Amino acid sequence: MKANIYPGRGTLPDWNDLNIQNRERMPAHAYLIPFPDVLSCKHAVADNQRYVSPYVIHLNSGWECRYYPDILQLPESILSFRSGFEPAEVPGGLEPVDQPMDSDPGYPFPVMPPLVPAEQPVIVYRKTCRLPLLWGGLRKRLVLIGSSAACHVFVNGRLSGYTQGSCLPAEFDITNNLHEGDNELFILAYSRCEGSYLENQAIRPLVGLIRDIYFEAVPPISIYDLQTRTVPVPEDEGWRLDFSVQLISYRIALTSPQVKISLWKDEECLSETSWPVSLNSVDNLDFASPVQTVGLLNANLPISGIIPWQDENPQLYDLFISVEERGNRELVCVHQTIGFRCLTREDGEYLINGRPLQLRAVCWPENYLNGDSQKRIRQMIRSLRQIRLNNLNALYIRNYPADPILLELCDIYGIYVIDEAPLEVSHPLLLASLQNDPNWRAAAVERMNRLIRRDFNHPCVVMWSAGLFREKSAVVDMIARQARLLDDTRWLHVLDTPDLSADLDGWRTPQKDYADLSWLSYPSGLGRCFFSWGNQSDTLLNELKQMMRPLDISAIDATNGAFLVKNRQQWTTAGHFQVDWVLLRNGRLILSGELDNIRGEPGSEQYLEIWYGEQHFDDGADYVLRFEVSYAEPCLWADSGDEVFFTEFVLASAERNDLNRTSQSGGRLRLESDRHHLIISGSRFWLVFNRVNGTLESWRSGDKELIAASLSNGSIGISGLHASIERPPEYLDAPWLAIWREAGYDQLKHQVISTQEGCDGQSAVIEMMIRLAAPGKPALFDLITRYEIRASGDLRIYAGLTPLESDLPMLPGFGLKMNLKSDYSQINWYGTGLKYCFCHLHNSCRSGLFSNSQTDLGTKADLPSAKAGLFPDTRWLTLKDKTGFGLMVRSDQLFGFAARPAGMPDPLAGLTEGKIERKALGLQIFQQLAISCHASPVRASWYFSPIVSDLKE
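Residues numbered from 1 in each chain as written. Predicted model: local features only at pLDDT ≥ 70, side-chain atom pairs only at ≥ 80, totals over all residues. Heavy atoms only, no water.

Novice: For this particular structure, what's the right way to read the overall build of the chain?
Specialist: Within the chain one finds nine helices and 53 strands. Accessible surface computed for the chain: about 37700 Å², of which carbon and sulfur atoms make up 48%. (Helix = DSSP H or I, 4+ residues; strand = E, 2+ residues; numbered from the N terminus. Areas by Shrake-Rupley, 256 points an atom, 1.4 Å probe, with all protein chains shown as cover.)

Novice: Would you take a moment to explain the packing of aromatic side chains for this structure?
Specialist: For any two aromatic rings, the description comes down to two numbers: the centre-to-centre distance and the angle of the planes. Summed over the entire model, instances satisfying the criterion amount to 28 aromatic pairs. On the numbers, 5.7 Å between centres and 75° between planes, the contact of Trp309 with Tyr416 is edge-to-face. Here the residue Trp309 occupies a position in the loop between strand E18 (293-304) and strand E19 (317-325), and Tyr416 occupies one in strand E26 (residues 416-421), the gap between them amounting to 107 residues. Each member of the pair, Trp309 together with Tyr416, is buried. Measuring from centroid to centroid gives 5.6 Å for Phe895 and Trp942, while their planes differ by 90°, and the two rings are edge-to-face. Of the two residues, Phe895 sits in strand E51 (residues 886-901) while Trp942 sits in strand E53 (residues 938-947), which places them 47 residues apart along the sequence. A relative accessible area of 2% means that Trp942 is categorised as buried. (Phe/Tyr/Trp six-rings, centres within 6.5 Å; stacked < 30°, edge-to-face > 60°. Buried < 20%, exposed > 50% of the residue type's maximum accessible area, 1.4 Å probe, protein only.)

Novice: Got a minute to help me understand the pattern of salt bridges in this structure?
Specialist: With the rule as written, the count across this model stands at 40 salt bridges. Note that Asp403 is salt-bridged to Arg376, the shortest N-O span being 3.9 Å. Of this pair, Asp403 sits in the loop between strand E25 (394-397) and helix H3 (404-413) while Arg376 sits in helix H2 (residues 373-389), placing them 27 residues apart in sequence. Each member of the pair, Asp403 together with Arg376, is buried. A salt bridge links Lys817 to Glu726; its shortest N-O distance comes to 2.7 Å. Placement of the pair is Lys817 in strand E47 (residues 815-820) and Glu726 in the loop between strand E42 (722-724) and helix H9 (737-743), with a sequence separation of 91 residues. By the burial criterion, Lys817 is buried, and Glu726 matches it. Several salt bridges share partner residues, and in doing so they unite Lys545, Arg626, Glu628, Glu643, Glu648 and Arg846 into one network. (Salt bridge = Lys/Arg side-chain N within 4 Å of Asp/Glu carboxyl O.)

Novice: Just to check I follow, could you spell out the pairing of E53 for this structure?
Specialist: Two faces make up the sheet, and in a regular strand the side chains alternate between them. Of all ten residues that make up E53, nine are buried, and the element is covered over most of its length. As judged from the seven bridges shared by strand E46 (residues 795-803) and E53, these two strands associate in the antiparallel manner. Of the residues in E53, the one forming a bridge with Arg796 is Tyr943. (Pairing = 2+ DSSP bridges.)

Novice: What is the right way to look at the environment of Ser592 in this model?
Specialist: Its location among the elements puts Ser592 in strand E33 (residues 588-595). In this structure Ser592 touches Trp581 and Val582, once residues within four positions along its chain are discounted. (Contact = heavy atoms within 4.5 Å.)

Novice: In this structure, what is going on with unusual backbone geometry? I would like to understand it.
Specialist: Excluding glycine, most residues fall at negative phi; most peptide bonds, likewise, are trans. Put simply, Val90 and Pro91 share a cis peptide bond, and its omega is -5°. Considering the arrangement of structural elements, one finds Pro91 in the loop between strand E3 (86-87) and strand E4 (122-130). Residues Ser148 and Ala149 are joined by a peptide bond in cis, for which omega reads -5°. The topology assignment puts Ala149 in the loop between strand E6 (147-148) and strand E7 (150-155). Here Asn399, not a glycine, exhibits a phi torsion of approximately 75°, which is positive. By the element assignment, Asn399 lies in the loop between E25 and H3. One non-glycine residue, Arg684, lies in positive phi territory at about 65°.

Novice: It is not clear to me how the pairing of strand E9 (residues 170-173) should be interpreted in this structure. Could you clarify?
Specialist: Side chains Ala170 and Phe172 project from E9 onto one buried face, and the interleaved Glu171 and Asp173 project onto a second face that is buried too. Alignment of strand E5 (residues 139-144) against E9, held across four bridges, turns out to be antiparallel. Across the sheet, residue Leu142 finds its bridge partner in E9, namely Phe172.

Novice: Help me out: how do you make sense of the sheet that holds strand E16 (residues 268-276) in this one?
Specialist: Read from one edge of the open sheet, four strands run E16-E15-E19-E20, paired in antiparallel fashion. Looking at which strands have only one partner, the edges of the open sheet turn out to be E16 and strand E20 (329-338). If you compare each strand with its neighbour and ignore which way they point, the axes differ by 15° on average. Judged from the seven bridges that link them, strand E15 (residues 258-265) and E19 form a sheet pairing that is antiparallel. Considered in E19, the bridge of Lys260 is made with Ser322. (Axes fitted to C-alpha atoms, helices over the stretch in contact; angles between N-to-C directions.)

Novice: Please explain the confidence of the model for the chain as it appears in this structure.
Specialist: Low-pLDDT portions of the prediction should not be read for the details of their coordinates. Summary statistics for the chain give a mean pLDDT of 87 and a share of 88% for residues scoring 70 or more. Taken together, the stretch residues 711-716 has pLDDT below 50 and engages in 15 contacts with residues farther than four places along the chain or on a different chain. Taken together, the stretch residues 905-918 has pLDDT below 50 and engages in 45 contacts with residues farther than four places along the chain or on a different chain. (pLDDT = per-residue confidence, 0-100.)

Novice: Mind showing me how you'd approach helix H8 (residues 538-547) here?
Specialist: One turn of the α-helix equals 3.6 residues, which is why residues spaced by three or four share an orientation. When you tally the buried positions in H8, you get nine out of ten residues, the bulk of the element. Taken as a whole, H8 has its buried residues at Thr539, Leu540, Leu541, Asn542, Glu543, Leu544, Lys545, Gln546 and Met547. As for H8, its buried residues are in contact with H2, strand E29 (527-532) and strand E36 (643-652).

Novice: What is the right way to look at the packing of H2 against H3 in this model?
Specialist: Helix packing geometry: the angle between the two helix axes and the distance between the axes. For the pair H2 and H3, the least separation of the axes is 10 Å and the interaxial angle reads 35°. Crossing of H2 against H3: the hand is right-handed. Between H2, through Ile377, Met380, Ile381, Leu384, Arg385 and Arg388, and H3, the contact on the second element is made entirely by Ile405, Leu406, Leu409, Cys410 and Tyr413. Within the contact of H2 with H3, the residues separate by chemical class into nine nonpolar, no polar and two charged. (Left-handed = near helix turned anticlockwise from the far one by under 90°. Nonpolar A, V, L, I, M, F, W, Y, C, P; charged D, E, K, R; others polar.)

Novice: Sorry, what's going on with the side chain of Ser847 here?
Specialist: Looking at the element boundaries, Ser847 is found in strand E49 (residues 846-852). Taking relative accessible area as the criterion, Ser847 reaches 8% and is therefore assigned buried. For Ser847, the side chain forms a polar contact with the side chain of Glu648, separated by 2.7 Å. Ignoring anything within four residues of it in the chain, the contact list for Ser847 reads Leu584, Val624, Arg626, Glu648, Gly831 and Thr832. (Polar contact = N/O pair within 3.5 Å; in protein donor to acceptor, adjacent residues only side chain to side chain.)

Novice: Looking at this structure, I do not really get the packing of helix H5 (residues 438-455) against helix H6 (residues 474-486). What am I missing?
Specialist: Their axes nearest at 10 Å, the elements H5 and H6 cross at an angle of 30°. By the angle between their directions, the pair H5 and H6 is classed as roughly parallel. Crossing angle aside, the handedness with which H5 passes H6 is right-handed. Together, Arg441, Ala444, Val445, Met448, Asn449, Ile452 and Arg453 of H5 and Val475, Met478, Ile479, Gln482, Ala483 and Leu486 of H6 make up the contact between the two elements. Across the contact of H5 with H6, the residue classes break down as nine nonpolar, two polar and two charged. (Parallel < 35°, antiparallel > 145°, perpendicular 65-115°, else oblique.)

Novice: What is the right way to look at the side chain of Ser465 in this model?
Specialist: Looking at the secondary structure, you find Ser465 in strand E27 (residues 461-466). Owing to a relative accessible area of 1%, Ser465 belongs among the buried residues under this scheme. In this structure the side chain of Ser465 is engaged in a polar contact, spanning 2.6 Å, whose partner is the side chain of Glu420. Only 3.1 Å separates the side chain of Ser465 from the side chain of His493, close enough to count as a polar contact.

Novice: Mind showing me how you'd approach a nonpolar patch on the surface here?
Specialist: Side chains of Leu12, Met112 and Leu115 sit close together on the surface and give an oily, nonpolar patch of about 240 Å² of accessible area. Mapping Met112 onto the fold places it in the loop between E3 and E4. (Patch = residues over 30% accessible without salt bridge, like charges linked within 9 Å, V, L, I, M, F, W, Y side chains within 5 Å.)

Novice: Help me out: how do you make sense of the sheet that holds strand E37 (residues 670-673) in this one?
Specialist: Hydrogen bonds along the backbone pair up the strands of a sheet, which may run parallel or antiparallel. The five strands lie next to each other as E37-E38-E39-E40-E41, forming an open sheet whose pairing is antiparallel. Each edge of the sheet is formed by a strand with only one pairing partner; in this case those strands are E37 and strand E41 (704-705). Across six bridges, the pairing between strand E39 (residues 685-690) and strand E40 (residues 695-701) is antiparallel. Paired with Val688 across the two strands is Ser698, which belongs to E40.

Novice: What exactly am I supposed to notice about helix H4 (residues 428-436) here?
Specialist: Of the positions making up H4, those classed as buried are Leu430, Ser433 and Leu434. Along the long axis of H4, the arc covered by the buried residues comes to 100°, so they all point the same way. Turned more than 90 degrees away from the buried face of H4 sit Pro428 and Asn436, all of them exposed. (Arc of directions from axis to C-beta.)

So this is what it looks like as structure tokens:
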């Protein structure tokens with residue numbers, strides 16, 4: 001067999017030949033790890049078997065590679081090269097170097113199926129290795145768990161095989177190419193091949209050896225494939241385990257080995273049986289020539305006392321299959337975890353084990369994990385635990401298949417999986433080719449076949465998927481029929497079910513109502529996919545954790561302690577959780593307790609009552625009742641006491657009569673003016689207003705400045721306190737930023753139209769009408785800002801914004817923006833915190849009294865940011881320096897605020913302030929929801945009061 005690598009040799013190279021999907025690659029089969037006997041296999045069950053089997057030698061370390069930007073630069077004698085290589089990380093690979101072309105979006109090359117350009121990058125991997133002497137009588141295979149997009153494999157200078165299909169496994173029998181001592185491996189990895197037309201080129205994996213690679217040894221008679229199916233038997237109140245075991249033999253003799261099956265739960269053997277298997281001659285078209293005979297065993301085991309597998313209680317059983325020769329000599333043993341579950345559909349409802357299946361999913365991206373294998377497994381475990389801790393229960397493994405270890409972990413942690421083959425096309429020309437060319441159809445079917453055969457035995461897999469399923473055509477129907485022939489127990493995503501990715505792809509679009517976050521609600525029906533895990537926002541996870549809570553607590557009469565608890569779970573009683581409650585008065589804890597009688601069955605409701613003692617709620621204070629739900633006992637993904645969710649109820653709101661005072665003592669006020677300024681002065685304070693830009697430029701109390709006119713020489717942007725539609729962007733804002741910038745929201749200039757002022761000695765009023773416009777655009781808004789100053793030194797600000805056009809996009813927010821010049825080292829507020837959260841949702845933060853330093857409230861300047869620094873549901877806010885001097889901010893409504901080091905770039909505003917000469921704090925306060933410009937004018941009011949000493953809050 002001669003490798004066909006280079007273009008222009010009279011025939012197309014393998015990677016550009018539609019007739020060549022592989023060379024010497026063994027047929028697709030289940031992911032199984034061989035062991036010499038049952039005992040060693042049982043000892044390995046607690047660990048990942050790929051790394052502990054004596055029949056497996058890992059090849060992840062010790063690789064070298066050379067990168068060639070063009071395959072035409074690849075030397076003829078590359079297999080004889082020993083120099084010029086650099087250390088390579090495997091699993092690893094390189095980022096795709098070519099970008100999609102403008103003429104054909106999604107494809108980085110001209111669309112001429114089945115041809116891809118001959119000028120393509122190639123990575124040459126090299127490694128030497130030595131096999132153990134104990135493997136002398138065993139067959140040796142080279143296993144690639146995943147490569148991208150195609151590769152040739154050479155062992156000791158001889159071609160051992162060719163494969164393509166990103167992230168799909170490939171296995172080669174290399175026994176005849178090995179020799180004693182050091183053996184040399186060369187692998188040529190191509191960034192694209194004709195099969196690239198069948199893959200999503202907009203989201204491509206790394207190029208090269210992106211998954212584990214290892215040698216595998218098997219005896220002359222071994223287990224090649226296994227398929228298991230669990231079937232409920234209602235009349236016997238039990239289950240039946242159906243299985244199909246395929247044996248292969250490298251011997252010509254037609255012996256009848258024994259296959260021994262045993263099913264275990266922990267240390268208890270539930271069933272054990274053995275069968276003889278007849279071997280028959282093999283068709284060499286199915287296997288490489290060394291395989292001489294094959295045998296097939298189809299049998300079943302009836303089992304009673306089974307606990308079904310599902311997400312809330314993922315019970316797994318251990319199936320051991322071993323092959324014995326005469327004299328009961330064990331040849332090989334494999335292990336398969338079994339989860340007894342049955343998927344059905346009745347009256348349009350999707351069921352697992354007879355109960356509704358609800359998927360609360362995230363998308364698992366291909367390039368999320370990389371590097372050392374053991375480190376990647378630890379990362380997988382951390383991620384899956386985090387997914388479960390945030391009350392999510394499903395993965396959509398999109399575009400490219402995952403490592404089988406991930407599916408094993410999903411079996412263990414009870415995470416449902418939508419498993420997708422690398423099979424997606426988006427160009428009409430290729431769709432036509434698929435329709436008309438049987439070679440294209442065969443290539444597409446082969447990819448689906450390899451995925452299903454590999455992952456068939458995992459109970460976590462509930463759907464098979466392919467991007468091509470979104471295209472309605474006869475060829476899609478044909479591929480679907482082939483998939484159903486391989487597996488009629490699962491659904492085909494999109495063809496049999498709603499498209500779970502619709503929310504993933506569409507919820508963050510400006511075309512939707514900004515305040516319409518219905519996608520975030522607890523899913524009805526089958527469920528939905530929320531976002532891509534590799535790009536997850538911790539803040540979004542906090543919100544999802546609250547929305548996807550397993551219990552729902554609602555108030556019947558909150559002030560009298562009457563509530564209703566509904567168990568949202570399908571399988572687990574509410575007693576699995578511990579429910580505590582706390583009562584807060586003005587943010588301070590005054591009562592707490594634990595509910596020890598929560599026992600609701602799945603789907604049921606339970607009445608509960610709380611006694612507040614002699615506490616009444618008519619004293620004008622804020623009262624908030626909080627339920628805190630945690631795990632009562634440890635489970636796989638949580639420790640005892642880990643939080644599940646919390647829920648708050650406002651029992652009473654504080655009276656804010658202090659905000660409506662019309663006058664206070666403190667001396668008389670004076671109003672002065674010059675060419676550009678209006679100055680209001682009183683007893684030991686004065687305020688300076690800039691009539692040119694409409695801002696409060698300076699505010700002094702005693703000898704201290706409360707706000708900063710500017711931070712440094714050369715600073716840009718409006719200085720002083722002023723009304724603004726800006727706020728720090730958050731994760732949900734990413735698709736809106738371009739629209740806001742296009743509308744000119746990031747470049748608004750303030751033009752003062754008129755100013756009116758008045759002072760009667762007890763109070764002063766300054767009202768400014770300001771027009772807001774962006775360069776090159778007509779005026780967008782009229783802004784009226786009214787300042788009321790009291791003799792006591794307090795300041796009340798009213799602001800109203802009127803849109804001047806009817807088709808403006810929604811506002812990011814509306815409020816005030818300022819820089820605080822003094823060194824305010826401490827921030828205190830009564831509201832929500834301390835975690836960052838969305839000002840739209842604000843379900844993930846607790847109410848109470850909070851404090852933090854200004855450095856801890858700094859935010860990231862890049863987007864999307866997981867920590868936007870937005871704190872909603874605020875009742876009051878104070879900023880103080882070390883002496884206790886500072887400023888209090890209140891409103892007659894709840895408001896949100898953001899505080900961060902001044903001068904930090906603001907992606908929304910598009911402004912970067914000048915070099916900061918001293919510590920300073922940028923403060924923005926705003927209404928909490930995004931605001932429509934199609935309604936009546938937007939209004940807001942704020943109350944500012946200087947703090948001259950420590951204040952009892």
